Amino acid sequence: MAKNWAIAIGINQYDYLQPLNYAKRDALLMQEFLSNEAGFERIFLFSDDSPPVDGKSTRPTRTNLLRVLRQLSKPWEKFISM
């Protein structure tokens, strides 16, 4: 059976842009929907103050997002290189 995982990103406080009001709330609602209604097994939340996962920051930076994507793709590397 396939695993359904998602990444929800909600950034209210950008470094060089005006702040947004509801992006974090929307990401939290999407996380809740995907978990409770759509049956996703795991949803990674990246927001201005989201809690760390496995001791690693989940602040929505390019570096942090790439790190998570690389970690998630490791089990599939053997299929990609075929």
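Up top is the structure.
Keep in mind it's a predicted model, so treat the numbers as computed, not measured.

Turning our eyes to something else, we now look at the overall build of the chain. Scanning the chain for helices and strands turns up 3 helices and 2 strands. Starting at the N terminus, the α and β elements of the chain follow one another as β-α-β-α-α. Out of the 82 residues belonging to the chain, those deemed buried represent 24%. Taking all contacts inside the chain whose residues are at least 6 apart in sequence as the whole, residues at least 24 apart take part in 46%. Of the roughly 6,500 Å² of accessible surface on the chain, 55% is carried by carbon and sulfur atoms.

Right, let's get into the pattern of salt bridges. If you walk through the whole model with that rule in mind, you get 3 salt bridges. Of the charged contacts in the structure, one is a salt bridge between Arg59 and Asp15, with a shortest N-O distance of 3.5 Å. Taken together, the residues Arg59 in the loop between β2 (42-47) and α2 (62-73) and Asp15 in the loop between β1 (5-10) and α1 (23-36) connect sequence positions 44 residues apart. We classify Arg59 as partly exposed; its relative accessible area is 40%. Under the relative-accessibility criterion, Asp15 is labelled exposed at 56%. Where Asp49 meets Lys24, a salt bridge forms, and the shortest distance between an N and an O atom there is 2.5 Å. Here Asp49 is found in the loop between β2 and α2, whereas its partner Lys24 is found in helix α1, with 25 residues between them in sequence. Assessed through its relative accessible area of 51%, Asp49 is described here as exposed.

Turning our attention to α1. With 14 residues, α1 should cover 20 Å at 1.5 Å per step; its first-to-last C-alpha distance of 20 Å lies within 8% of that length. Taken residue by residue, α1 has Ala23, Ala27 and Leu34 as its buried positions. One face of α1 carries all of its buried residues, which in axial projection span an arc of 40 degrees. Structurally, α1 contributes buried residues whose contacts are with β1 and β2.

Attention now goes to the nonpolar core. Membership of the largest hydrophobic core is limited to 6 residues, which are Ala6, Ala8, Ala27, Leu34, Ile43 and Leu45. If you list the elements that add at least two residues to this core, you get β1, α1 and β2.

The rules we used
- Along each chain, residues carry numbers from 1 onward, in the same order as the chain's sequence is written.
- Reporting of local features is limited, given that this is a predicted model, to residues whose pLDDT is at least 70; pairs of side-chain atoms are given and counted only at 80 or more, and all residues count toward the totals for whole chains, interfaces and linings.
- Working from all heavy atoms in the structure, the side-chain values ignore hydrogens and water.
- By definition, any uninterrupted DSSP run of H or I lasting at least four residues is a helix, any uninterrupted run of E lasting at least two residues is a strand, and each is numbered from the N terminus.
- Burial status follows relative accessibility: with a 1.4 Å probe on protein chains alone, a residue under 20% of its type maximum counts as buried, one over 50% as exposed, and anything between as partly exposed.
- Whether two residues are in contact is decided by their heavy atoms: any pair within 4.5 Å suffices.
- Using the Shrake-Rupley algorithm and a 1.4 Å probe, accessible areas are obtained, with residue cover drawn only from the displayed protein chains.
- One side-chain nitrogen of Lys or Arg within 4 Å of one carboxyl oxygen of Asp or Glu is enough to make a salt bridge.
- How far a helix is expected to stretch is found by multiplying one less than its residue total by 1.5 Å.
- This arc is taken over the directions from the axis of the helix to the C-beta atoms.
- The definition of a nonpolar core used throughout is a set of buried Ala, Val, Leu, Ile, Met, Phe, Trp, Tyr and Cys residues joined through side-chain atoms within 4.5 Å.

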